[in-house]
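# Understanding the architecture of this molecule
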Amino acid sequence: MHFFPILSTLRRHRAASALIALEIALTCAIVCNAIFLLHDRLSRMEHPSGVVEDELVVVRLTGTDAQSDAGSLTAQDLIALRAIPGVRSTAATNMVPFGSSSSNTDVSTVLDDVNSTSAGFFLGSADLLKTFGVKLIAGRDFVPDEYLDLETVLANRGHIASVIITRDLAERWFPGKSPLGQALYVYGKEPQIIVGVIDRLARANDVARPNDVSAEVSGYAVVMPVRMSYAEGGGNYVLRVDPTRKGEVLAAVGPTLNRVSPSRIILDRQTFAEVRQGFFKADRAMAYLLVGVSLALLIVTALGVVGLASFWVQRRTRQIGVRRALGATRGDILRYFHLENFILTSAGIVLGMALAYAMNLWLIHEYQVARMPAGYLPVGAGLFWILGQIAVLGPAMRAATIPPAIATRTV
Amino acid sequence: MVAYYLELARRSFKRNVALTALMVTAIAFGVGASMTTLTVLHVLAADPIPGKSSQLYFVQLDPRPANGYVPGKEPPQQLTRADAEALLRAGTADRQAMMTSGSAAIEPQGAGLSQFFADGRWTSADFFAMFRVPFVAGSGWAAEDDARGARVAVISLALAEKLYGTTDAVGRTIRVAGNDLRVVGVIDRWRPTPHFYDLNTGNYGRGEQLFVPFSTSRDLKLERSGNQDCWGDPVGDLLAVGAPCVWIQFWVELGTPQKADAYRDFLVSYSEEQHRAGRYRRPANVRLRNVIEWLDFKHVVPKDVRLQTWIAFGFLLVCLINTVGLLLTKFLRRSAELGVRRALGASRRSIFLQLLVEAGTIGVAGGVLGLGLAWLGLWTVRQQPSDYAELAQLDPAMLATTFALALAASLFAGLVPAWHSCRVTPSIQLKSQ
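Residues numbered from 1 in each chain as written. Chains lettered and ligands numbered in written order. Predicted model: local features only at pLDDT ≥ 70, side-chain atom pairs only at ≥ 80, totals over all residues.

### Focus on the overall build of chain A
Applicable threshold: Counting from the N terminus, the helices are DSSP H or I runs at least four residues long and the strands are E runs at least two residues long. Within these notes, the globule rule equals 2.2 Å times the number of residues to the 0.38 power, and the radius of gyration is based on C-alpha atoms. The exposure label follows from counting other C-beta atoms within 10 Å of a residue's C-beta, where the C-beta atoms are placed from the backbone and the thresholds are 20 or more for buried and 12 or fewer for exposed, leaving partly exposed in between. We call two residues in contact if the C-beta atoms placed from their backbones are at most 7 Å apart.
Counting its secondary structure elements, chain A contains twelve helices and 13 strands. Rg of the C-alpha trace for chain A: 32 Å, well past the compact-globule value of 22 Å for 411 residues, more than 25% over. For chain A, the proportion of its 411 residues judged to be buried stands at 41%. In chain A, of all internal contacts separated by at least 6 residues, the share reaching a separation of at least 24 is 84%.

What follows is the structure in structure tokens.
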């Protein structure tokens, strides 16, 4: 309808039109990429651990000097902790998913294989799998006589006979066949026999921290039946508790451990939710920033559109009056401004899509992010069309109320 | 004349309060966001030891087994105890120090204080001179103390005040993991940022509170922390001299590039010698990076911080374009007024100047507000639970940069519209009235 008259008007305001289109383009490009990055961060933050997060409490303990009885103290600690009301089971391990220290080892079906796979290396006391609540999908859990003390293993006085591995690791080394009963070189010159497969158990570094250059492949982990004392790095006590009594249990942990022996220091006591929150804190901060910047950009751009449209309405007051006097309805005037905005926004969006794509390419190159799905572009375009139409609504309505009589006056 | 222009600008702002507020706020938020992120980047990418960062080198050797050898592949990022002690004994560099991080329980002597853990560094004598560690009392220990495992310690100011209530603690006894050590020095507040000499304990970790000779730490079996990589399924004590494990950082000071080249040759010949003796299984594979190269190699500055800076500057750009567009429209709307001024004899230059003053005023207002927002932004960063949070402070250099940025931004925003508008032809504007 008014398409060509509008184009010629816009041509008369070439600089301002070009600027607003450029602003929309930049905002569109940044917001599309920001939302994509946000989505990326949110999905990282939901990285599955494989454990019953809601029921876990983690305590990190260390000794104050070299203690010879640390092994028996660790065993006593676990018994004492299990006696706290609300605790269902306890275990000691060297690593918890998303915890502060990680332990990894290279595994292979051949000794000293150059192409071995790095896997998370869990050493745990009896009940570790039960306490973590990981799902055993094939085979069995360790039996009591399979457990060895770390001291024995390090002194080369015993061989670890069995291992339980994650589904992903099983599929890596034994694709299409049952891994149960197969030999895997995990520790020592002799292989371990796979006795069980668990669905998933994330290692501490299962997803790279945003600034970590040495990301490990996620999903690969092994569990070994090895007891280690807190003095040997096994001071991660995992407590599976009644989810409604976590607070009580956390409060009782300190006094309980002190009663066993006051010679230790509790480094942390946290619910698993806090462990997860701590690990992903940088992602959360980034997510907030992305949301904040996107909102701010949308507001600034919308206000820019409002400001520009208001100016144009004021400037064209007489022209609008003349058109009204010549028979244009209010609806015509309203549509005129909406269409004008639609044309400007469309120009911005076309440029913005190209910019968004280029920006994504740059991010892929510099920050190793994934390629933005094509679906983001039409959604972004739709968002900006709606935003533009809403922004221009106010000025357009004001324009529509200009009475035809204004044409007869000099401004 | 400028005063008159300022008065004109004030009147113009009063006509469109909401619009002026929008422009000022947009610039303020753009400047605030950019300066917040830029300041964080500036702090994190700082040279931790200015003037010396090109003379301190991090040593890497490759003692790993033959299997898995790929020519040119990066050697381990720490040394074995055997190699570190050999290089220390050789003493080929101007200064050299071996070190590892650790922690130890401290038992205070006085009543009312319970025992606590202190972060420590088990190192050798040259550490203090090499890294220019400032002392408030006493000094570091001597090389003989390393050789005989002397029971000495250097402690931080904070630890001295906590234990003895005074910084003059030289000669006092400190009880570390059940052993009595003699305090020989107290160091002043010292926190190199990034924590370049050991990145295993966090890139922006706090400095240590307790320094003990490496040899003493082994005699007393003090706990160590940080990263340790072993190969060939080791048995026995993993911290022993012969253990096939890397866990020690080794730094050398080499005053000139020639000395660095010579030291690199020395490392190669050392590796070849070890290879001939059968200890090394791989061809010589050494690295010698100075502080700046090392930080760069380790990607110390968080990627997120760089990304945030880009995002913030993208935001500033949009805010600027927004302001340019609005100013342009505003100035063009006043073409009639400007036409009258031109007709009454104002030169094109003075119109340009008038408009620029108006734009500049918006910029300065936006800049001042933006500075406030940057301050607020940095405060928010300091509340974050990251290990570099408390470092996010606005220093004078960044303050000046903020102002320059705000002014440049607004002048740029004003330049285009002012130039565009001062070219009005008076006759056309007057006729259209």
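### Points about unusual backbone geometry
Residues and elements named next belong to chain B. Look at the link from Thr193 to Pro194: it is a cis peptide, with omega at -5°. Inspection of the secondary structure assignment puts Pro194 in the loop between strand E8 (179-187) and strand E9 (210-213). Backbone geometry at Ala177 places phi at a positive 45°, although glycine is not the residue there. Looking at the secondary structure, you find Ala177 in the loop between strand E7 (173-176) and E8. A tally of 23 C-beta atoms within 10 Å means that Ala177 is categorised as buried.

### Looking at the environment of Pro144 of chain A
Residue and element names in this part refer to chain A. Looking at the secondary structure, you find Pro144 in the loop between strand E5 (136-139) and strand E6 (148-149). The exposure class of Pro144 is exposed, given the 7 C-beta atoms found within 10 Å. Along the primary structure Pro144 and Glu46 are separated by 98 residues, whereas in three dimensions their C-alpha atoms are 34 Å apart.

### Some words on the packing of helix H2 (residues 17-44) of chain B against helix H13 (residues 396-421) of chain B
Residue and element names in this part refer to chain B. Spelled out, the test is: Simply put, an axis is a line fit to the C-alpha atoms, just over the touching stretch for a helix, and the angle between two N-to-C directions goes from 0 to 180 degrees. Less than a right angle of anticlockwise turn of the near helix away from the far helix marks a crossing as left-handed, whereas a clockwise turn marks it as right-handed. All amino acids are sorted into three groups, where Ala, Val, Leu, Ile, Met, Phe, Trp, Tyr, Cys and Pro are nonpolar, Asp, Glu, Lys and Arg are charged, and the leftover types, Gly among them, are polar.
Their axes nearest at 10 Å, the elements H2 and H13 cross at an angle of 145°. Judged by the sense of rotation from one axis to the other, the crossing of H2 with H13 is right-handed. The residues of H13 that touch H2, namely those facing Ile27, Val31, Ser34, Met35, Thr39 and His42, are Met398, Thr402, Leu405, Ala406, Ala409 and Ser410. Residue composition of the contact of H2 with H13, by class: seven nonpolar, five polar and no charged.

### Describing the sheet that holds strand E2 (residues 87-93) of chain A
Residues and elements named next belong to chain A. Defined as follows: In this description, strands pair whenever DSSP reports at least two bridges between them.
Spatially, E2-E12-E1-E13 is the arrangement adopted by the four strands of the open sheet, whose pairing is antiparallel. Whereas interior strands pair on both sides, the edge strands pair on one side only; in this sheet they are E2 and strand E13 (264-271). Looking at each pair of strands side by side, their axes are set apart by 20° on average, direction ignored. Where E2 meets strand E12 (residues 236-241), six bridges bridge the pair, whose relative direction is antiparallel. Bridge pairing links Ala92 to Tyr237 in E12. Against the sheet, helix H3 (residues 70-82) touches strand E1 (56-63), E2 and E12, its axis set at about 160° to E2. Together, E1, E2, E12 and E13 form the strand contacts of helix H7 (residues 246-260), whose direction differs from that of E13 by roughly 175°.

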